[in-house]
Amino acid sequence: MVEWTGRFAYKQVADDLRRRIAAGEFAKTGQLPSLAQLQEKYDVTVTVARAAINQLKADGLAVSHQGKGAFLTPNADRAAQLVDPAEMVTELRAEVEKLRSEVGDLRRRVATLEGD
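Residues numbered from 1 in each chain as written. Predicted model: local features only at pLDDT ≥ 70, side-chain atom pairs only at ≥ 80, totals over all residues. Heavy atoms only, no water.

**Q** So, the pairing of strand β2 (residues 69–72): which residues are in play, and what are the values?
**A** Of the pairings in the sheet, the one linking strand β1 (residues 62–65) to β2 comprises four bridges and is antiparallel in character. Residue pairing for β2: H65 is matched across the bridge by G69. (Pairing = 2+ DSSP bridges. Helix = DSSP H or I, 4+ residues; strand = E, 2+ residues; numbered from the N terminus.)

**Q** Can you break down the layout of surface pockets residue by residue, with the values?
**A** When its volume is computed, the second largest pocket comes out at roughly 250 Å³. In this structure, the second largest pocket is lined by 14 residues; those nearest its centre are L35, I53, S64, G69 and A70. Secondary structure elements with two or more residues in the lining of the second largest pocket: α3 (46–58), β1 and β2. With four residues, the single largest contributor to the lining of the second largest pocket is α3. Taken together, the residues that form the lining of the second largest pocket break down as five nonpolar, seven polar and two charged. (1 Å grid on protein atoms, 1.4 Å probe; cavity = no way out; pocket = protein on both sides within 12 Å on 5 of 7 lines; lining within 4 Å. Points joined across faces, edges and corners; volume = space filled by probe spheres on them. Nonpolar A, V, L, I, M, F, W, Y, C, P; charged D, E, K, R; others polar.)

**Q** Mind laying out the environment of N75, listing which residues take part and the relevant values?
**A** By secondary structure assignment, the location of N75 is in the loop between β2 and α4 (76–80). Separated by 14 residues in the primary sequence, N75 and L61 have C-alpha atoms spaced 8.0 Å apart.

**Q** Break down α3 for me, with residues and values.
**A** In this model α3 runs 18 Å from its N-terminal to its C-terminal C-alpha over 13 residues, within 8% of the 18 Å that 1.5 Å per residue would give. Regarding α3, the residues found buried are V48, A49, A52, I53 and L56. Looking down the long axis of α3, one finds its buried residues gathered within 135 degrees of arc, a one-sided arrangement. Seen from the open side of α3, the exposed residues pointing more than 90 degrees away from its buried face are T47 and A58. Residue G60 follows α3 closely and has a positive phi angle near 80 degrees. (Expected span 1.5 Å × (residues − 1). Buried < 20%, exposed > 50% of the residue type's maximum accessible area, 1.4 Å probe, protein only. Arc of directions from axis to C-beta.)

**Q** Quick rundown of the packing of aromatic side chains? Include the residues and the values.
**A** In the structure shown here, the tally under the stated rule is one aromatic pair. For the cation-ring pair, K41 lies above Y42, with the distance from its terminal atom to the ring centre recorded as 5.6 Å. (Phe/Tyr/Trp six-rings, centres within 6.5 Å; stacked < 30°, edge-to-face > 60°. Lys NZ or Arg CZ within 6 Å of the ring centre and 35° of its normal.)

**Q** A description of unusual backbone geometry should follow, citing residues and the corresponding values.
**A** Not every positive phi belongs to a glycine, and D43 is a case in point at roughly 55 degrees. Structurally, D43 is set in the loop between α2 (35–42) and α3. The backbone of N75 sits at a positive phi, close to 65 degrees, despite the residue not being glycine.

**Q** Tell me about the pattern of salt bridges, and please be specific about residues and values.
**A** Inspection of every chain in the model, using the stated rule, returns seven salt bridges. In this structure, D15 engages R18 in a salt bridge whose closest nitrogen and oxygen atoms are separated by 2.7 Å. Taken as a pair, D15 and R18 lie in helix α1 (residues 9–22) at a separation of three residues, close to a single helical turn. D105 is paired through a salt bridge with R108; the nearest N and O atoms lie 2.4 Å apart. (Salt bridge = Lys/Arg side-chain N within 4 Å of Asp/Glu carboxyl O.)

Printed below as a string of structure tokens:
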């Protein structure tokens, strides 16, 4: 799952967990996967898995209990839907680039039509 995108592996894992939380995947039990399960699913080290959980804790989405695992905080599913501003900027830049490309294509089509 983790890709060489320039984005830290733990952030990629945390982002996917945040997406899964927002989708209600853990709502029934309120418990997040164990570190071992995260390692297996995302093919990462225990350090990366722990850092991802710590990121969710820092974001107020999870709490952990020694020997019991990590659990969602109340309203974590709603909080997980809030978009990270930096991620929003990245998505907007990609959308602008896509629109520029489409406008360029439209200009070429119009020029072709006007030339006929």
